[in-house]
Amino acid sequence: NAIAGANLIRRQRLALIAGRAYDVGSALAKDPDHAILVPHVAEIKRLKRLARGKKKKPQQDPQQPQTPATTPQSSTETKQ
C-alpha cells in the first residue's frame, strides 16, 4: 500500500509539473521570438485530446423504433 500511495503522489506531482510546463510553453509560443515551440505545443495538445478519448454516442433502446425528426406543417400551409 505504501508503494502504491507513493507512486500515486509521484504521478500527481508529475501531472502538475507537466501542466505548468505546458502553460508556460503555450504562453511563450504566442511570441514570434519563440516560434520553435509552436509544433511542440501542438503535439502536446494533440496528445491531450487523444488521452481524453472519444465521447460515446448514447445508444438507443432497441425496443423503441427509430422515428425521423420531422417538423409538423402549420394549418395555413395545408389549406392552400
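This is a predicted model, so every value here is computed, not measured.

**Overview of helix α2 (residues 38-52)**
Item 1. Here α2 contains 15 residues, and its C-alpha end-to-end distance of 21 Å stays within 8% of the 21 Å for a straight helix at 1.5 Å per residue.
Item 2. A positive phi of about 85 degrees marks G53, the residue just after α2.

**Some words on the pattern of salt bridges**
Item 1. Here the structure, examined in full by the defined rule, presents 1 salt bridge.
Item 2. The salt bridge involving R46 is made with E43; its shortest N-O contact spans 2.8 Å. A residue pair is termed a helical-turn pair when its members lie 3 or 4 positions apart in one helix, as R46 and E43 do in helix α2 at 3 residues.
Item 3. According to the relative accessible area criterion, R46 is partly exposed, its value standing at 35%.
Item 4. Judged by relative accessible area, which is 37%, E43 ranks as partly exposed.

**Comments concerning the packing of helix α1 (residues 2-29) against α2**
Item 1. The contact between α1 and α2 brings their axes to 9 Å, and the two run at 135 degrees. With respect to α2, the axis of α1 lies oblique. In this structure, α1 meets α2 at a crossing whose hand is left-handed. Residue-level inspection shows Y22, G25, S26 and A29 of α1 in contact with α2, the latter providing V38, V41, I44, K45 and K48.
Item 2. Each residue belonging to the contact of α1 with α2 can be placed in one class, and the counts come to 5 nonpolar, 2 polar and 2 charged.

**A word on the confidence of the model for the protein**
Item 1. Mean pLDDT over the protein works out to 83, with 74% of the residues at or above the 70 mark.
Item 2. Between the elements of the protein, mean pLDDT differs from a low of 56, seen in helix α3 (residues 75-78), to a high of 94, seen in α1.

**Section: α1**
Item 1. The end-to-end C-alpha distance of α1, which contains 28 residues, comes to 40 Å, matching closely the 40 Å that a straight helix rising 1.5 Å per residue would cover.
Item 2. Within the sequence span of α1, burial applies to Y22, G25 and A29.
Item 3. Looking at the buried side of α1, the elements it contacts are α2.

**With respect to a positive patch on the surface**
Item 1. Taken together, the side chains of K45, K48, R49, R52 and K55 present a region of like positive charge at the surface.
Item 2. Examined against the element boundaries, R52 turns out to sit in helix α2.

Rules of the game
- Residues numbered from 1 in each chain as written.
- Predicted model: local features only at pLDDT ≥ 70, side-chain atom pairs only at ≥ 80, totals over all residues.
- Heavy atoms only, no water.
- Helix = DSSP H or I, 4+ residues; strand = E, 2+ residues; numbered from the N terminus.
- Expected span 1.5 Å × (residues − 1).
- Salt bridge = Lys/Arg side-chain N within 4 Å of Asp/Glu carboxyl O.
- Buried < 20%, exposed > 50% of the residue type's maximum accessible area, 1.4 Å probe, protein only.
- Axes fitted to C-alpha atoms, helices over the stretch in contact; angles between N-to-C directions.
- Parallel < 35°, antiparallel > 145°, perpendicular 65-115°, else oblique.
- Left-handed = near helix turned anticlockwise from the far one by under 90°.
- Contact = heavy atoms within 4.5 Å.
- Nonpolar A, V, L, I, M, F, W, Y, C, P; charged D, E, K, R; others polar.
- pLDDT = per-residue confidence, 0-100.
- Patch = residues over 30% accessible without salt bridge, like charges linked within 9 Å, V, L, I, M, F, W, Y side chains within 5 Å.
- Areas by Shrake-Rupley, 256 points an atom, 1.4 Å probe, with all protein chains shown as cover.
- Lys, Arg positive; Asp, Glu negative; His and termini not counted.
- Charge placed at Lys NZ, Arg CZ, Asp CG, Glu CD.

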